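Commentary on secondary and tertiary structure
Here's the letter readout for the chains.
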Amino acid sequence: MGVSRISSFAMIEKISDASGTCWREPAGETSANEHATWLGRAVAPGTASHKGLSGLHPLPDSLDAFAARYLLAEVAERTLDVQYYIWEDDMSGRLLFSALVAAAERGVRVRILLDDNNTQGMDDVLRLLDAQPNISVRLFNPFSFRTLRALGYLTDFARLNRRMHNKSFTVDGEVTIVGGRNVGDAYFGAGEQPLFTDLDVLASGPVVAEVCEDFERYWNSASVSTLAHVLNSDNDAISQRLSLLPVEQHSTMARRYLERLRTSHFVSQLESGSLSMIWAKARLLSDDPRKGEGKARLRNLLGVRLLRVIGEPRTQFDIISAYFVPTRSGVAQLLSLARKGVKIAILTNSLAATDVAVVHAGYARWRKKLWRHGIALYELKPQSGDGVTQHDRGLTGSSGSSLHAKTFSVDGEKVFIGSFNFDPRSAMLNTEMGFVIESDELAQNIHQRFTRNRTEVAWALRLDKLGRINWIDEHNGAQRIIKKEPQTRFWQRAMVRIAARLPVEWLL
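Residues numbered from 1 in each chain as written. Predicted model: local features only at pLDDT ≥ 70, side-chain atom pairs only at ≥ 80, totals over all residues. Heavy atoms only, no water.

Another aspect to go through is the overall build of the chain. Each helix and strand counted, the chain has 18 helices and 18 strands in total. When the 508 residues of the chain are sorted by exposure, 59% land in the buried category. Considering only contacts in the chain between residues 6 or more positions apart, those separated by 24 or more positions represent 79%. Put simply, the chain shows about 21,100 Å² of open surface, and 52% of that area lies on carbon and sulfur atoms. (Helix = DSSP H or I, 4+ residues; strand = E, 2+ residues; numbered from the N terminus. Buried < 20%, exposed > 50% of the residue type's maximum accessible area, 1.4 Å probe, protein only. Contact = heavy atoms within 4.5 Å. Areas by Shrake-Rupley, 256 points an atom, 1.4 Å probe, with all protein chains shown as cover.)

What follows deals with the packing of helix 2 (residues 62-75) against helix 9 (residues 252-263). Where helix 2 contacts helix 9, the two axes come as close as 10 Å, and the packing angle between them is 70°. In terms of their interaxial angle, helix 2 and helix 9 are classed as roughly perpendicular. Facing Leu63, Asp64, Phe66, Ala67, Tyr70 and Leu71 of helix 2, the residues of helix 9 in contact are Arg256, Tyr257, Leu258, Arg260 and Leu261. Looking at side-chain class alone, the contact of helix 2 with helix 9 contains 8 nonpolar, no polar and 3 charged residues. (Axes fitted to C-alpha atoms, helices over the stretch in contact; angles between N-to-C directions. Parallel < 35°, antiparallel > 145°, perpendicular 65-115°, else oblique. Nonpolar A, V, L, I, M, F, W, Y, C, P; charged D, E, K, R; others polar.)

In low-pLDDT regions, the fine details of the predicted coordinates are not to be read closely. Summary statistics for the chain give a mean pLDDT of 84 and a share of 84% for residues scoring 70 or more. Residue range residues 1-20 is modelled with pLDDT below 50. Its contacts to residues more than four positions away, or to other chains, number 58 contacts. Across residues 24-32, confidence stays below pLDDT 50; counting only partners more than four residues off in sequence or on other chains, it has 12 contacts. (pLDDT = per-residue confidence, 0-100.)

Considering soluble globular proteins, one finds that nonpolar side chains tend to be buried as a cluster. One finds Leu72, Leu80, Ile112 and Phe169 to be the most contacted residues of the largest nonpolar core, which totals 59 residues. Considering every element that reaches this core, the biggest residue donor is helix 2, with 10 residues. When near neighbours in sequence (up to four residues on either side) are disregarded, isoleucine 112 contacts Val82, Phe97, Leu100, Leu129, Ile135, Ser136, Val137, Arg138 and Trp219. Of all hydrophobic cores here, the second largest spans 32 residues; its members include Leu285, Ile319, Leu334 and Ile482. (Core = buried A, V, L, I, M, F, W, Y, C linked by side-chain atoms within 4.5 Å.)

Before going further, it helps to spend a moment on the packing of helix 13 (residues 357-364) against helix 18 (residues 490-499). Between helix 13 and helix 18, the least distance of the axes is 8 Å, while the angle of their chain directions is 60°. Classified by the interaxial angle, the pair formed by helix 13 and helix 18 is oblique. Read as a crossing pair, helix 13 and helix 18 show a hand that is right-handed. Between helix 13 and helix 18, the contacting residues are Ala357, Val358, His360, Ala361 and Ala364 on the first element and Met495, Val496 and Ala499 on the second. (Left-handed = near helix turned anticlockwise from the far one by under 90°.)

It is worth spelling out the side chain of arginine 493 at this point. Tracing the backbone through its elements, the reader meets arginine 493 in helix 18. The contact partners of arginine 493, leaving out residues within four places of it in the chain, are Leu351, Lys484, Glu485 and Thr488.

Attention now moves to a positive patch on the surface. Taken together, Arg283, Arg297, Arg299 and Arg308 make up a surface patch of like positive charges. Inspection of the secondary structure assignment puts arginine 308 in helix 11 (residues 302-310). (Patch = residues over 30% accessible without salt bridge, like charges linked within 9 Å, V, L, I, M, F, W, Y side chains within 5 Å. Salt bridge = Lys/Arg side-chain N within 4 Å of Asp/Glu carboxyl O. Lys, Arg positive; Asp, Glu negative; His and termini not counted. Charge placed at Lys NZ, Arg CZ, Asp CG, Glu CD.)

Another aspect to go through is a nonpolar patch on the surface. On the surface, Phe145, Leu148, Leu151 and Leu154 cluster together into a nonpolar patch covering about 420 Å² of accessible area. Inspection of the secondary structure puts phenylalanine 145 in the loop between strand 4 (135-140) and helix 5 (149-160).

Burial within strand 7 (residues 200-204) is extensive, with 5 of its 5 residues counted as buried. Sheet topology places strand 1 (residues 54-59) next to strand 7; 5 bridges connect them, and they run antiparallel. Looking across to strand 7, one finds that glycine 55 is bridged to serine 204. The pairing of strand 6 (residues 175-179) with strand 7 spans 5 bridges and is antiparallel. Bridge pairing links valine 175 to serine 204 in strand 7. (Pairing = 2+ DSSP bridges.)

Looking now at the environment of aspartate 115. Within the secondary structure, aspartate 115 sits in strand 3 (residues 109-115). Given a relative accessible area of 0%, aspartate 115 falls into the buried group. With 50 residues separating them in the primary sequence, aspartate 115 and histidine 165 have C-alpha atoms 7.4 Å apart. In this structure, aspartate 115 is in contact with Tyr84, Tyr85, Phe140, Arg163 and Met164, ignoring residues within four places of it in sequence. At 2.8 Å, the side chain of aspartate 115 forms a polar contact with the backbone nitrogen of asparagine 117. (Polar contact = N/O pair within 3.5 Å; in protein donor to acceptor, adjacent residues only side chain to side chain.)

Here it is, written out as structure tokens:
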């Protein structure tokens, strides 16, 4: 790719305390060594000419989101810090693992922090990675029972019910990717699984330092364990798995992805300063990692801080959330805004698209009340269009649904992009993170993206004269009224009605 990759690992001091950053210059170095990596030099001119602002490049396209991560790993020279709720052991997951291994072999310090809820069957892969020089793997709220994990829930439910939902990919302390995507084929539009509608943002500038500091908080938190503390070493398994990672590069789908990398102009645009960036004030909001122990203070929870930072919407509030469980108090807040004249529109998954039917029940019970107060509701159609039900992933599911984005815009002025769903689980149980961005351009872009084709890709909800919910299906200008939850079976609808009456909303 024509990019110089000079290893500078020897110049890095590993930081073990919770107040550090992604990397630190050795004592005695001058400020002339600031931005001393290729990536640092690439972003420095833009940062210098936009004092106090962060550069933001939205990544709505799934293949571009994969390419950005892979190519950034290839140009890393000092550090790679990655934090994810899910990292699948599939084609795209293995390709990115291979990129991390290649970076470590160049001398880059790689730290991988994963939530342990979705690592089942990956112990050998994690051993392989942790055994590599310059790679460290840690797990958030790990399971003691590695195979029969349900036993862990029976014996340690209060802890294991709290998961790390954060998602970040930070390179050399200069650039980070934060948003809704996990790592896996479904999130990057590969394979037979549904393509998730999602949004990440690549950032440079001051907000990256905030992500670095936040990563250190989590890396050294009490809820996080080293891999050696969780798993016994297995040299035979490591040597067997060592040959499996590169094999994926020979598959048809992998070749498609690698071809996309070869044709991507991402790195050249980054180097030349021509990568389109929105320069704006941005700040990271992230939960205290002690939330994983149930010890975070209420006033420090991300949802509470969001209300303080965003402020009360005055004219417009667009919500896009894979899981939307407003609860009684949330509904009261939304209705209060609607009474003040705020136009509110909500896009979430339909029952046919969601992967956690019980969560849909936590939303369905409020639909009529929201609609009657003028709140526009849209439910995303299954992207496959064949009515095949998504595999239910349970209460802490990975959102294997069509819609996976978690973003909202306020008054065409401010935007939140991150991992936070509008549900009690995000608010009270899981740790979350995201950017609050003050940008008219980005807020209006998201609003336009929200409104442009929503009648084609989503069902609009209406109430008929008898007070029953109808789903309006529009296609090529023609409308069709559907009287029952579209593309669902009787047993699914029955299960949602039953779940809506159970006292489980706090778990959703």
